[in-house]
Amino acid sequence: MGVSGSGKTTLGLQLSENLGLEFYDGDHFHSKSNIDKMSAGNPLTDEDRFEWLESINEAAQKLVASKTSGIFACSALKEKYRILLSKNIENEIVFLYLKGTKEVIQARMNARKGHFMPSQLLDSQFKTLEEPQNALEIDLTKSPAEMMQETLEKINLSEFGLVGLGVMGKSLARNLANNGFQISLFNRFVEDKEVSIAEKFIDSHEELKTAKGFEDLEKFCKSLQTPRKIFLMIKAGVETDEFIEKIKPYLQKGDILIDGGNSHFKDTKKRMDYLAENDLHFIGTGVSGGEEGALRGPSIMPSGNAAAYKNIERFLNKIAAIDKNGGSCCTYIGADGSGHFIKMVHNGVEYAEMQLIAEVYALLRYKNGLNPDEISEIFHNWNGGQLKSYLLEITAKILTKKEKGKWLVDLILDQAGNKGTGNWTTVTATELGIPATLITSALFARYVSTVREKYESIPSNTENESKNLNFRIIEKAYALARMVNHQQGFGLIKTASDAYNWSLNLSEIARIWTNGCIIRSTLMEDIQIYFETTADLFEVSEIKQQIIDFKGDLKCFCLSALQAELPIPCMLSANDYINSLNQNINTANIIQAQRDFFGAHTYQRRDAEGGKFFHTIWE
Ligand code: 6PG
């Protein structure tokens, strides 16, 4: 509101663009009789204006009823006009008063080409004007950009919301604040357990001093600019569905929920479709990097509605890690739950990477007889070269950690936990027919670790042991096994991309995994480049050569570990996978013959055309 020439339309249009809200020019609400009257040079009476103001109020009421907002430009010079404009929506309306002197407005209008405001008109406007008591005042001498900034500050709505202040949520909130974003934080209220979590968290961190904390969901939603952008960092599964039901009544058309949890990609798709019925967006987003990564820059894998993603892109790009060329480790992955899909596979690959390191540790410790400090040194050295990875780096650190003179690893119970993503990857790989054998072996190794205590310990038989392998052989065996793990993991992504029509960009996925995430490594940087020209790592000539050069080392590793009776399921899986690539050794022919023998399932022949099926009467 404000007198003619105060800049209502300019600011209104800018706000409309910035906040994603529809702009309504008050002049367009006049009736034909009003227009005729004004065109004939007759001023409108209060009575004429009531009808006009009522029609604006009706339009605003409709917006409120449909849970949307809008921006109206209307002079609203008198208090009674403003009361009419607010009818039935008193608590939903905010008046922005563009304030300035007659001289300033007159001078500004005169300076504009083709605009000249008769000073009597301005006089009469100022005479009519009753300055509002409860409006937010905006100084109209400022530039349009400054006025908009001032308006946004005055409206004081946050640009971004975050729900769930667990370990990851807290780190992401600090990351957003450190990057200068105005945020609102919500944490649920649980009597005696979770009380004023958001406020206490804000109070304990300097960078959060402008953030707002809530445990009332409605107030939290009202504190956000629309379309609302809300990062959910809550427990995956039913908790996510329950939360969606709770927040939905406070959302309006175009709002965007970003699910940063480890949700199953099929659930993500269902949630997207469900929320789309109400024109709400759901962006399923993988986030990797743990607590530290979330704070300093994680790898971020968003997917879903591409247009909605545009609205959140600048936030996610800013808080993500940076790759070695300065790019953000966040990229739009694709449609549906593809972001959560690749995060799931990331975790599967992570399981196998962790297990491979554990198996190398087993050989060095129980066969070669090195202690954890010595193994740490070897890992540390490897980490200085081609084998560099975050997981190897942290394992080198883990192995030197001591408590009361004892290695902490020796005090940790030998039972591995999991939260389910490795399981999902295995199930998905079997559904899509992809032999992700290292991921599966790593998952089952965790399961084995939890069931074995039921049995009596079986001591090793150390007779006839071979001599210890040198570190170079172990290093090469480990390098090759990692390559197999990555080839299988990305193979799974490629197959899913084709099956679900996602058109995923493998090189781009590898790129955002070169920093911030748990499986970041030098190998991932190489893989990013390989995928620029191929969709299968085993088609890359350097890798083909590495398989030939290192397969003997992998075999030696396995033999040495087997002789020492060490469990090395991932190394064996890698070795088996490589052995299976030898086309001169056949076993599946026996399976086909057996299937045909007992079930007439038929088989194809080497000496016949492909696609032709044969059956034999075997007896
Ligand atoms: C990451 C991690 C993270 C989490 C895993 C652990 O990328 O930041 O993968 O998502 O640590 O979920 O999974 P498990 O508990 O199943 O080992």
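Just so we're clear, the structure is a prediction, and the values are computed from it rather than from any experiment.

As enumerated under the stated definition, the model contains 35 salt bridges in all. With a closest N to O distance of 2.9 Å, Lys142 and Glu150 form a salt bridge. Owing to a relative accessible area of 31%, Lys142 belongs among the partly exposed residues under this scheme. A relative accessible area of 12% means that Glu150 is categorised as buried. A salt bridge links Arg511 to Glu508; its shortest N-O distance comes to 2.9 Å. Note that Arg511 and Glu508 are positioned in helix α22 (residues 506-512) at a spacing of three residues, about one turn of the helix. The partly exposed category is assigned to Glu508, whose relative accessible area is 22%. Via salt bridges that share partners, Asp46, Lys78 and Lys80 belong to a single interconnected network.

Right, let's talk about the site of the ligand for a bit. Neighbouring residues of the ligand: 14 residues in total, closest Ser288, Lys343, Glu350, Tyr351 and Lys419. Contacts to the ligand include Gly290, whose backbone N or O atom sits 3.2 Å from an oxygen atom. At 2.7 Å, a side-chain N or O of Lys343 approaches an oxygen atom of the ligand. Relative to its unbound accessible area of 410 Å², the ligand is 80% covered by the protein chains. With five residues, helix α15 (residues 338-367) is the largest single contributor of residues to the shell around the ligand. When the residues that make up the shell around the ligand are grouped by side-chain class, the tally is two nonpolar, eight polar and four charged. Each of domain 2 (160-336) and domain 3 (343-580) gives at least three residues to the shell around the ligand.

Right, let's talk about a nonpolar patch on the surface for a bit. The grouping of Val448, Val451 and Tyr455 at the surface amounts to a nonpolar patch, some 290 Å² of accessible area in total. Residue placement: Val448 occurs in helix α20 (residues 437-451). By relative accessible area, which is 46% here, Val448 ends up partly exposed.

The terminal C-alpha atoms of helix α3 (residues 46-65) lie 28 Å apart, and with 20 residues this matches the ideal 28 Å at 1.5 Å per residue to within 8%. All buried positions along α3 are accounted for by Asp48, Trp52, Leu53, Ile56, Asn57, Ala59, Ala60 and Leu63. Looking straight down α3, one finds that the buried residues subtend no more than 165 degrees of arc, so they occupy a single side. Across α3 from its buried face, at more than 90 degrees, point the exposed residues Glu47, Glu58, Lys62 and Ala65. Next to the buried residues of α3 lie β1 (22-25), α2 (32-39), β2 (70-73) and α4 (79-85).

Moving on, we get to the domain arrangement of the chain. Assigned domains of the chain: these are domain 1 (8-146), domain 2 (160-336) and domain 3 (343-580). Relative to domain 3, the C-alpha centre of domain 2 lies at a distance of 32 Å. The interface of domain 2 with domain 3 comprises 28 residues on the first partner and 22 residues on the second. Between domain 2 and domain 3, roughly 1900 Å² of surface is buried when both sides are summed, and carbon and sulfur atoms account for 59% of that area. In this structure, Glu525 and Lys324 form a salt bridge, with 3.5 Å as the shortest nitrogen-oxygen distance. Of all elements in the fold, only α12 (265-276), β10 (281-288), α13 (290-296) and β11 (299-303) reach the threshold of two or more residues within the side of domain 2 that touches domain 3. When the residues that make up the side of domain 2 that touches domain 3 are grouped by side-chain class, the tally is eleven nonpolar, 13 polar and four charged.

Turning next to the environment of Ile312. Among the secondary structure elements, Ile312 is positioned in helix α14 (residues 306-319). Note: C-alpha distance between Ile312 and Asn368 (56 residues apart in sequence) is 52 Å. Leaving out residues up to four positions away in the same chain, Ile312 has contacts with Lys229, Ile256, Ile258 and Ile283.

What follows concerns α20. Its 15 residues place the ends of α20 21 Å apart at the C-alpha level, agreeing with the 21 Å of an ideal helix rising 1.5 Å per residue. Three or more residues of α20 are buried, namely Leu438, Ile439, Ser441, Ala442, Leu443, Ala445, Arg446 and Ser449.

A grouping of Glu199, Asp203, Glu215 and Asp216 is seen on the molecular surface, where their side chains present a negatively charged patch. With respect to the element layout, Glu215 can be found in the loop between β7 (212-214) and α10 (217-222).

How each quantity is defined
Residues numbered from 1 in each chain as written. Predicted model: local features only at pLDDT ≥ 70, side-chain atom pairs only at ≥ 80, totals over all residues. Heavy atoms only, no water. Salt bridge = Lys/Arg side-chain N within 4 Å of Asp/Glu carboxyl O. Buried < 20%, exposed > 50% of the residue type's maximum accessible area, 1.4 Å probe, protein only. Helix = DSSP H or I, 4+ residues; strand = E, 2+ residues; numbered from the N terminus. Near = heavy atom within 4 Å. Polar contact = N/O pair within 3.5 Å; in protein donor to acceptor, adjacent residues only side chain to side chain. Areas by Shrake-Rupley, 256 points an atom, 1.4 Å probe, with all protein chains shown as cover. Nonpolar A, V, L, I, M, F, W, Y, C, P; charged D, E, K, R; others polar. Domains from an automatic or database assignment. Patch = residues over 30% accessible without salt bridge, like charges linked within 9 Å, V, L, I, M, F, W, Y side chains within 5 Å. Expected span 1.5 Å × (residues − 1). Arc of directions from axis to C-beta. Contact = heavy atoms within 4.5 Å. Buried area = accessible area lost by both parts, 1.4 Å probe. Lys, Arg positive; Asp, Glu negative; His and termini not counted. Charge placed at Lys NZ, Arg CZ, Asp CG, Glu CD.

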